[in-house]
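Notes for the structure review
One letter stands for each residue in the lines below.
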Amino acid sequence: MQGQPADAAARPRRTRRTGGHPVRLRHRPQSAACLSRASPPSARCRPPPAACRLPCVRASVRTRGDRVRSPETGTEVRPLLFPAADADPGRGLGDWGIARTPVGAFRLVPVRLDRDLSLVGRWMNDPAVAAFWELSGPHRVTARHLRGQLAGDGRSVPCLGVLDGRPMSYWEIYRADLDPLAGHYPARPYDTGIHLLIGRPADRGRGLGSLLLRAVADLVLAGLPACARVVAEPDLRNVPSVAAFLSAGFRYCAELDLPAKRAALMVRDRSVRDLL
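About the criteria used
Residues numbered from 1 in each chain as written. Predicted model: local features only at pLDDT ≥ 70, side-chain atom pairs only at ≥ 80, totals over all residues. Heavy atoms only, no water. Helix = DSSP H or I, 4+ residues; strand = E, 2+ residues; numbered from the N terminus. Contact = heavy atoms within 4.5 Å. Salt bridge = Lys/Arg side-chain N within 4 Å of Asp/Glu carboxyl O. Buried < 20%, exposed > 50% of the residue type's maximum accessible area, 1.4 Å probe, protein only. Phe/Tyr/Trp six-rings, centres within 6.5 Å; stacked < 30°, edge-to-face > 60°. Lys NZ or Arg CZ within 6 Å of the ring centre and 35° of its normal.

**With respect to the environment of Gly193**
Within the secondary structure, Gly193 is located in strand 8 (residues 192-198). Spatially, the C-alpha atom of Gly193 lies 5.9 Å from that of Ile173, the residues being 20 residues apart in sequence. Here Gly193 is in contact with Glu172, Ile173, Tyr174, Ala176 and Val231, once residues within four sequence places are set aside.

**So, the pattern of salt bridges**
For the structure shown, the criterion picks out 12 salt bridges. For Arg155, the salt bridge identified is with Asp153, shortest N-O distance 3.0 Å. We classify Arg155 as buried; its relative accessible area is 1%. Classification of Asp153 by relative accessible area gives partly exposed; the value is 25%. The salt bridge partner of Asp203 is Arg206, with a shortest N-O separation of 3.1 Å. Given the relative accessible area of 1%, Asp203 is considered buried. Owing to a relative accessible area of 51%, Arg206 belongs among the exposed residues under this scheme.

**Looking at the packing of aromatic side chains**
The way to describe two aromatic rings as a pair is by their centre distance and the angle between their planes. Evaluation of the coordinates by the stated rule reveals 3 aromatic pairs. Seen from their ring centres, Phe106 and Trp171 are 6.0 Å apart, and the 65° between their planes marks the pair as edge-to-face. Taken together, the positions of Phe106 in strand 5 (residues 104-110) and Trp171 in strand 7 (residues 166-175) put the pair 65 residues apart, joining distant regions of the chain. Relative accessible area serves as the criterion here: at 0%, Trp171 is assigned to the buried category. With centroids separated by 5.0 Å and ring planes inclined at 85°, the aromatic side chains of Phe245 and Phe250 adopt a geometry described as edge-to-face. Of the two residues, Phe245 and Phe250, neither departs from the other in class, the shared state being buried. Above the face of the Tyr190 ring, Arg175 is positioned so that its terminal group lies 4.0 Å from the ring centre.

See the structure below:
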């Protein structure tokens, strides 16, 4: 995950992963041609009914701690997601303001460990969330995950999603072009990725996810002028999640072969922002 130590041996172990490397990506980059096709996921990937209320969309890859060269230009790209906020990587994100949605006023609030650990830790211990995030257990497990980002270089910022004053979701806003994910699609400088989970079961499965995805994508594009695209990679079997991204203005671009899943590469372009 973003913000973890550069040395793989120093990173906390995660369940159901083998070997010393934390992700074991298969190095089979997707062709640029496949990104021009917006075909829907194959019917063979349709999930069983039990998958229809999955609470989260989670990446299976992490960034490295070193500086990375742009996949397109070969030039060095700054690792900071918010270059003007070196002392506090989440400061700029916290100033992005409020998104007005049909279900209320929504904003992203950078996580503070002393204030938010209990809440995020409780969400991580929900079995439906734990199946994707693999951070269940004592709160120190979640604390280690959050601290790795908060103490990092700003390329990944953990946030609470607050709806009408109520914290109800967890988000990670990260530099996708500096992630190993960039080796699996034609990444562009400042591509920005999102991970999310919706905390309460009562908030899941009723269309809230697509509304919030649209709101967060708009906040990212408004807050990061250098970012031309917002990307995500939900599990291809999770048809409701893919549908939520489509409803939020993302397009389906390709299948990605990631360590624990076949993922749908979803892309939201700045060029269509005013058309949605």
